[in-house]
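What follows is the residue order along each chain.
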Amino acid sequence: MNYLAKRLMVAKLHQDAIWDSGVNELDVAAVEGKRVKLVDGRKLTEFVSCSYLGLDQRQDIRDAAHSAIDLFGVQMSAARTRIRAALFGQLDDLLMSILGGWYPVTFNSVSSAHLAIVPLLASGELPGYPIAQNGPGFIMDKCTHASLQALRAIMAQFGPVERVDFQNFDNTMAACERIAASGKTIIALCDSVGSMGGTVDILAVSALTDRLGGFSYFDDAHGTSVFGQRGQGFVFHTGQTRLSEKIIVVGSLSKAFGATGGVVALSDAGAAKYLKRYSVPYAFGGPPSIPAVGSAVASANLHLDGTVHALQSELRKNTSLFDSLFSADIVNSGSQSPIRGIVVGEEFRAIDAARVLQRHGFVTTAAMYPTVELGKAMIRLAISATHTSDDIRGVARAIKSAIQGRPG
Ligand SMILES: Cc1ncc(COP(=O)(O)O)c(C=O)c1O
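Here we summarise the structure given alongside this text. No experiment lies behind these values; they were computed from the predicted model shown.

On to the sheet that holds strand β2 (residues 35-38), then. Consider a sheet: its strands pair through backbone hydrogen bonds, and that pairing is either parallel or antiparallel. The four strands lie next to each other as β1-β2-β3-β12, forming an open sheet whose pairing is mixed. Looking along the sheet, the strands with just one partner apiece sit at the ends: β1 (28-32) and β12 (362-363). The pairing of β1 with β2 spans four bridges and is classified as antiparallel. When the sheet's bridge partners are listed, E32 is paired in β2 with R35.

In this structure, the largest pocket occupies an estimated 1,200 Å³ of space. What lines the largest pocket is a set of 37 residues, and nearest its centre among them are K142, C143, P370, T371 and V372. For the lining of the largest pocket, the elements supplying multiple residues, two or more each, are α1 (3-21), α5 (146-149) and β14 (377-382). The element contributing the most residues to the lining of the largest pocket is α1, with four residues. Of the residues that constitute the lining of the largest pocket, the class distribution is 15 nonpolar, eleven polar and eleven charged. If you trace the second largest pocket, you find 19 residues lining it, with N24, V48, T365, A366 and A367 closest to the centre. Every element with two or more residues in the lining of the second largest pocket is listed here: α1 and β13 (365-367). For the lining of the second largest pocket, a count of residues per class yields eleven nonpolar, six polar and two charged.

Time to look at the environment of L120. Topologically, L120 is positioned in helix α4 (residues 110-123). We classify L120 as buried; its relative accessible area is 13%. Sequence separation between L120 and K255 is 135 residues; the distance between their C-alpha atoms is 26 Å. Filtering out sequence-adjacent residues up to four positions away, L120 remains in contact with E125, L126, Y274, L275, Y278 and S279.

Looking now at the pattern of salt bridges. Scanning the model with the defined rule gives 13 salt bridges in all. R58 is paired through a salt bridge with D60; the nearest N and O atoms lie 2.8 Å apart. On the basis of relative accessible area, R58 is assigned to the partly exposed category, the value being 27%. The salt bridge partner of R211 is E177, with a shortest N-O separation of 3.1 Å. Residue R211 is found in helix α8 (residues 202-211), and its partner E177 is found in helix α7 (residues 169-181); the two are separated by 34 residues along the sequence. Among the residues examined, E177 registers a relative accessible area of 35% and is labelled partly exposed. Because the salt bridges share partners, they merge into one network encompassing R84, D92 and K276.

With the rule as written, the count across this model stands at seven aromatic pairs. Consider the rings of Y129 and F215, whose centres lie 5.4 Å apart with planes at 50 degrees: the pair is tilted. Of this pair, Y129 sits in the loop between α4 and β5 (136-141) while F215 sits in strand β8 (residues 215-219), and the two are 86 residues apart along the sequence. F215 matches Y129 in its accessibility class, with the two residues each being buried. In this structure, R316 packs its charged tip against the face of F227, placed 5.1 Å from the ring centre. Positioned above the aromatic ring of F326, the side-chain terminus of K400 is 5.1 Å from the ring centre.

Okay, the environment of D323 next. For D323, the location among the structural elements is in helix α13 (residues 307-324). Placed twelve residues apart in sequence, D323 and S335 show a C-alpha to C-alpha distance of 9.1 Å. When sequence neighbours within four positions are dropped, the list of residues in contact with D323 reads I330, N332, S333, G334, S335 and R340. In terms of polar contacts, D323 uses its side chain to reach the backbone amide nitrogen of G334, at 2.8 Å.

All right, on to the site of the ligand then. As a structural note, the neighbourhood of the ligand is formed by S109, V110, S111, H145, S147, D191, S195, D219, A221, H222 and K255. V110 places a main-chain nitrogen or oxygen 2.8 Å from an oxygen atom of the ligand. The contact in question runs from a nitrogen atom of the ligand to an N or O atom on the side chain of D219, over 2.6 Å. Protein chains shield 79% of the accessible area of the ligand, which is 390 Å² for the free molecule. Considering only residue class, the shell around the ligand consists of two nonpolar, six polar and three charged.

Calculation criteria
- Residues numbered from 1 in each chain as written.
- Predicted model: local features only at pLDDT ≥ 70, side-chain atom pairs only at ≥ 80, totals over all residues.
- Heavy atoms only, no water.
- Pairing = 2+ DSSP bridges.
- Helix = DSSP H or I, 4+ residues; strand = E, 2+ residues; numbered from the N terminus.
- 1 Å grid on protein atoms, 1.4 Å probe; cavity = no way out; pocket = protein on both sides within 12 Å on 5 of 7 lines; lining within 4 Å.
- Points joined across faces, edges and corners; volume = space filled by probe spheres on them.
- Nonpolar A, V, L, I, M, F, W, Y, C, P; charged D, E, K, R; others polar.
- Buried < 20%, exposed > 50% of the residue type's maximum accessible area, 1.4 Å probe, protein only.
- Contact = heavy atoms within 4.5 Å.
- Salt bridge = Lys/Arg side-chain N within 4 Å of Asp/Glu carboxyl O.
- Phe/Tyr/Trp six-rings, centres within 6.5 Å; stacked < 30°, edge-to-face > 60°.
- Lys NZ or Arg CZ within 6 Å of the ring centre and 35° of its normal.
- Polar contact = N/O pair within 3.5 Å; in protein donor to acceptor, adjacent residues only side chain to side chain.
- Near = heavy atom within 4 Å.
- Areas by Shrake-Rupley, 256 points an atom, 1.4 Å probe, with all protein chains shown as cover.

Here is the structure:
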């Protein structure tokens, strides 16, 4: 049996159960900040949106989407290689300022950004990112998001793919050294800010691949906008001037950025040009939608004028308040990541907990295998700058009574 069939077989029982239980796929009729009104009339406070700064709900971002539609229509349905709304050029310039001079290329999503860059990088043709005659050897963190893991078969067309736990640095180093000793170029891939918790020591990983003549590839989807004075993300904020140029960073425009899309950041201008000319989603696919790019331009301006930095402080106040209400055993306690998790263990307990939390008025995620390890299901919360302190205290009380069996 292939790996995917095995994984789906193991997941089926609890994944089918959560779908059948009505806990998932809540139909929202209207949104007001963190409040959602469902079509069945329930009014809930959501802790599931990854728009950690609340930008997507702002009037200026909405207005920018409307204005873009008024100018260009809903979609210019041609690859950007032929014709593009001038907004795309504006967005590139603004993103370049946010990314501190790195060269951005935008896509419909982070997933399509991965699909664009991974084969070109592996081919050895990407300017500034040379690959040895023996080809690449991939090493991927076990916690890497599914959107990259799904490309393992593509990677395997170019070289071996090994999965290791990047939290175990000795093992990671040993795997990299094995690849280098075989005359292959290392491509190390991981999430910088884990979608289910944790962060990777991106400086250690990039120093390792640098020393061995390889490249690091960081999915910074949950770091974009949340870290750094200009919201440049976890990698550029943490790395600052110590960051190697032999890396590729992929950010999201759909999460804290408050618009829609994905962005690849490259250290080489030629690589960005190459990606636009030869990557499949860019050269042979349609562009991000017009409202997406209109709102992204408006959001980029908010990154550069200090608004995003101020919202980051609000977010940190909320995560600190949340942490102060629990003991340190919750996932990401004390971290600057906006993600928190309460591990409940068995999958059906997580489904029950999510259902009970909805009865208390809160929408949360029951994160279960294959998103997290089997038997380590958790309630995942996405905390936002726009939650009120009552929201935070309320959900903490509900968690304590619903999951931890303590009085609220
Ligand atoms: C770490 C990470 N990478 C990639 C993605 C996929 O992003 P997109 O929906 O833009 O393809 C997600 C989505 O949740 C994610 O959490």
